[in-house]
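Report on the structure
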Amino acid sequence: CSGDVRDGPALLMGALFGALSSLAVGMSEMFGRRGARVAGVLAVAVVSQGVAAVAAFVMLLWLPSQPIWSDLVRGAISGVGFGVGMVAYLAGLMRSSATVIAPMVATMTVIIPFGVAVAGGAEVTGLAALGVCVATVGLLFITVGGRAGPGTWAGLVLGATSGLGFGVGLAVLIGTSSDSGSWPAVAQRLVACLLTVVVAMVVRSPVLPHGSVRWTALLSGVFGGIASVLYLLGIQADVLPAAVTGAMFPAVSVAIGRFVFGDSVRPIQTLGLGFVLAGVAGVVAG
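To keep things clear, this report deals only with the structure shown in the data block.

Procedures and definitions
Residues numbered from 1 in each chain as written. Predicted model: local features only at pLDDT ≥ 70, side-chain atom pairs only at ≥ 80, totals over all residues. Heavy atoms only, no water. Patch = residues over 30% accessible without salt bridge, like charges linked within 9 Å, V, L, I, M, F, W, Y side chains within 5 Å. Areas by Shrake-Rupley, 256 points an atom, 1.4 Å probe, with all protein chains shown as cover. Salt bridge = Lys/Arg side-chain N within 4 Å of Asp/Glu carboxyl O. Helix = DSSP H or I, 4+ residues; strand = E, 2+ residues; numbered from the N terminus. Buried < 20%, exposed > 50% of the residue type's maximum accessible area, 1.4 Å probe, protein only. Expected span 1.5 Å × (residues − 1). Phe/Tyr/Trp six-rings, centres within 6.5 Å; stacked < 30°, edge-to-face > 60°. Axes fitted to C-alpha atoms, helices over the stretch in contact; angles between N-to-C directions. Parallel < 35°, antiparallel > 145°, perpendicular 65-115°, else oblique. Left-handed = near helix turned anticlockwise from the far one by under 90°. Contact = heavy atoms within 4.5 Å. Nonpolar A, V, L, I, M, F, W, Y, C, P; charged D, E, K, R; others polar.

Below, the discussion takes up a nonpolar patch on the surface. On the surface, Met 13, Leu 16, Leu 20 and Leu 23 cluster together to form a nonpolar patch covering roughly 330 Å² of accessible area. Relative to the helices and strands, Leu 16 resides in helix H1 (residues 8–39). Residue classification places Leu 16 among the partly exposed positions, given a relative accessible area of 42%.

What follows is about helix H2 (residues 41–58). If you check H2, its first and last C-alpha atoms are 26 Å apart, about what 18 residues at 1.5 Å a residue would give, namely 26 Å. Among the 18 residues in H2, 15 count as buried, and that is most of the element.

What follows is about the packing of aromatic side chains. Counted according to the given criterion, the structure contains 4 aromatic pairs. A centroid spacing of 6.4 Å and a plane angle of 80 degrees characterise the contact between Tyr 89 and Phe 166, whose relative ring orientation is edge-to-face. Note that Tyr 89 is positioned in helix H3 (residues 69–95) and Phe 166 in helix H6 (residues 152–171), a separation of 77 residues in sequence. For Phe 166, a relative accessible area of 7% translates into the label buried. Taken together through their ring pairs, the aromatic side chains of Phe 82, Tyr 89 and Phe 166 make up a single cluster.

Before going further, it helps to spend a moment on the packing of H2 against helix H8 (residues 213–237). Relative orientation of the contacting elements H2 and H8 amounts to 45 degrees, with a least axis distance of 7 Å. On the basis of the axis angle, H2 is oblique to H8. Both H2 and H8 take part in a crossing whose hand is right-handed. Across from Val 44, Val 47, Ser 48, Val 51, Ala 52, Ala 55 and Ala 56 in H2, the residues of H8 making contact are Val 213, Ala 217, Leu 218, Ser 220, Gly 221, Val 222, Gly 224, Gly 225 and Val 229. Its residues placed into classes, the contact of H2 with H8 shows 11 nonpolar, 5 polar and no charged.

Take a look at the structure:
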């Protein structure tokens, strides 16, 4: 690809920040899942999103940032998507497993931001397009390779809802200015927190967790805030690789589900994970 459109350092930084964002989201989900088992999905999500907003706000001290209204609006819209995405994701994990939920979320969170980036004029090389296709096939392998169980269909529905929320939430951030720094992430997580509070009150669910669960929710929020800022830095460096690598956090969730929570992972799903990694490499190399 031409150097004046996508230079090597920017591409690598976009891919790196996106990948680090995925890792941070995976860590946020791990702590959120632990807390949700005890205190419920909504209570953990409220604290997690609120602390994530504070973490993003604290990062204003290190990142040159100014509140640009258009980017704040993008962040707020993204917050609606993230609020829906996180609640549906944790609810799905409670009813099913990461090997059912994560691939569905991953597929949608790759396709939606990638499609928006391409529609917005991002240059796509043949290798990058092939990488997206390979990664998507891998995600499908992980999905169809899971064993059906009592919570499978509920997991798929909640996974699709979560994927739509996260996909829209990530895609709407594309086009934010680097001058706004982490302000869009602050708006995103603050709106997501408020939305979750409203939902908890409507369904008469506890708004805040109690006891030691607060600490797991707090850690979930810290990693969530870091993830949002890293994703913003990635798409501001180079939107295409960041949009793809930043949407790969469900693959991290599958690994965490296997090694931390004992979720069952079949050989075809391991093969699918290999396809995902190869696809991401293709996007970055392209």
